[in-house]
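Given next are the chains, with one letter for each unit.
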Amino acid sequence: MQIVESILSLRGQIKTWRGEHQTIAFVPTMGNLHDGHISLVKKAQTLADKVVVSIFVNPLQFDDKQDLVNYPRTLQTDIKKLMQAGCNLLFTPNAEVMYPQGMDFHTFIHVPGMDDKLCGLERPGHFDGVATVVTKLFNMVQADVAVFGEKDYQQLLLIRKLVSDLNLPVKIVGASTVREQNGLAMSSRNQHLTDELKQQAATLYLTLSQLKQQLESGQQDYPALLKQAEIKLTAAGFSLDYIDIRRADDLQTAVPAVDKKLRLLAAGRLANVRLIDNIACNLA
Ligand code: PAF
């Protein structure tokens, strides 16, 4: 696996591969890789000849500066995991490479219809930071396809919209959430949880799964179902940001008996660790 830090070296290798008619899949990450990330790399390998992974902890997307400081940086372990997974190139730019003139006067990408709902409300500026860095990374890597986890479902929709709106020549593929045995979605944040808290945290997935069963069995009183779900999560120790039933394609509030392709999403803090999860729910 090659490791490059500069855009020049990255583009040099991409040019060589293009000259050899190799296709390229890209997996952007912020490092601290777990099995969820590795599953994205494995998926990317099925989609193209070469796989490029980036690791960049993007300051622009951290609404909470302490979160940025605390974000785990584990480059050496990440490198080993990526080598084992068969990644071809790791791009590790630093902030000077990404934002040479600093971030304050940088052009940014704003995708409408995302910061006014769900995680957008809780994390002001976060999605602008994601959209901006992902657009930059796409322009640097120039991959044929890029893989994003469904665990960050709102982020996945945001990226699909920005690629469509800006006519970016990259195909976006979503990959299923990888879970612990108890159902807890894998996340870098799980390492801040004790074993006991990890058991409690699994309530997020269990509650979403129960909600899905209730909807699939024909229950249509969404406010009552959501209230029940909220009570369960609060009893498990969550300080809830939201739990909701949304339309899968644009995350608008779902209308009972009208919308059939749904996404059930939740976010909240457990022992001050912010966790998110979501599942699909397709009604007949
Ligand atoms: O999902 C992430 O890890 C980040 O938001 C991403 C897409 C790498 C952009 O920094």
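See the structure printed just above.
Residues numbered from 1 in each chain as written. Predicted model: local features only at pLDDT ≥ 70, side-chain atom pairs only at ≥ 80, totals over all residues. Heavy atoms only, no water.

Trainee: Account for the overall build of the protein, with residues named and values stated.
Mentor: Helices and strands together make up the secondary structure of the protein, namely 11 helices and 9 strands. Against the compact-globule benchmark of 19 Å for 284 residues, the protein has a radius of gyration of 19 Å, which places it among compact chains. Oriented by its inertia axes, the alpha-carbon framework of the protein measures out at about 55 × 40 × 40 Å. Going through the 284 residues of the protein one by one, you find that 51% of them count as buried. Partitioning the intrachain contacts of the protein with sequence separation of at least 6 by distance along the chain shows that 71% fall at a separation of at least 24. Counting only carbon and sulfur atoms, one obtains 51% of the accessible surface of the protein, whose full area is about 13500 Å². If you average the places of the 30 positive and of the 30 negative side-chain charges in the protein, the two averages end up 4 Å apart. (Helix = DSSP H or I, 4+ residues; strand = E, 2+ residues; numbered from the N terminus. Rg over C-alpha atoms; globule rule 2.2 N^0.38 Å. Buried < 20%, exposed > 50% of the residue type's maximum accessible area, 1.4 Å probe, protein only. Contact = heavy atoms within 4.5 Å. Areas by Shrake-Rupley, 256 points an atom, 1.4 Å probe, with all protein chains shown as cover. Lys, Arg positive; Asp, Glu negative; His and termini not counted. Charge placed at Lys NZ, Arg CZ, Asp CG, Glu CD.)

Trainee: Please set out the nonpolar core residue by residue, giving values where relevant.
Mentor: Note on soluble globular proteins: their nonpolar side chains tend to be buried together. Core analysis: the biggest nonpolar cluster contains 44 residues, and Leu-10, Val-52, Phe-138, Ile-159 and Ile-172 have the highest contact counts within it. When residues of this core are traced back to their parent elements, those giving at least two are helix H1 (7-19), strand E2 (24-29), strand E4 (89-91), helix H7 (126-141), strand E5 (145-149), helix H8 (153-165) and strand E8 (261-270). The greatest single-element share of this core, amounting to 9 residues, is contributed by H7. Each residue touching Phe-138, except ones within four places of it in the same chain, is listed here: Phe-26, Ala-146, Phe-148, Ile-159, Val-163, Leu-168, Val-170 and Ile-172. (Core = buried A, V, L, I, M, F, W, Y, C linked by side-chain atoms within 4.5 Å.)

Trainee: Account for the sheet that holds strand E1 (residues 2-4), naming residues and giving values.
Mentor: One open sheet holds the 6 strands; their spatial order is E1-E4-E3-E2-E5-E6, and the pairing between them is parallel. Strands at the two margins of the open sheet, each flanked by one partner only, are E1 and strand E6 (171-175). Taking each pair of neighbouring strands and ignoring which way they run, the sheet shows an average axis angle of 25 degrees. Bridge count between strand E3 (residues 50-55) and E4: 3 bridges; the pairing is parallel. Each bridged residue has a counterpart across the sheet, and for Ser-54 the counterpart in E4 is Phe-91. Those strands touched by H1 are E1, E2, E3 and E4, and its axis lies near 150 degrees from that of E4. Along the sheet, H8 makes contact with E5 and E6, crossing E6 at roughly 170 degrees. (Pairing = 2+ DSSP bridges. Axes fitted to C-alpha atoms, helices over the stretch in contact; angles between N-to-C directions.)

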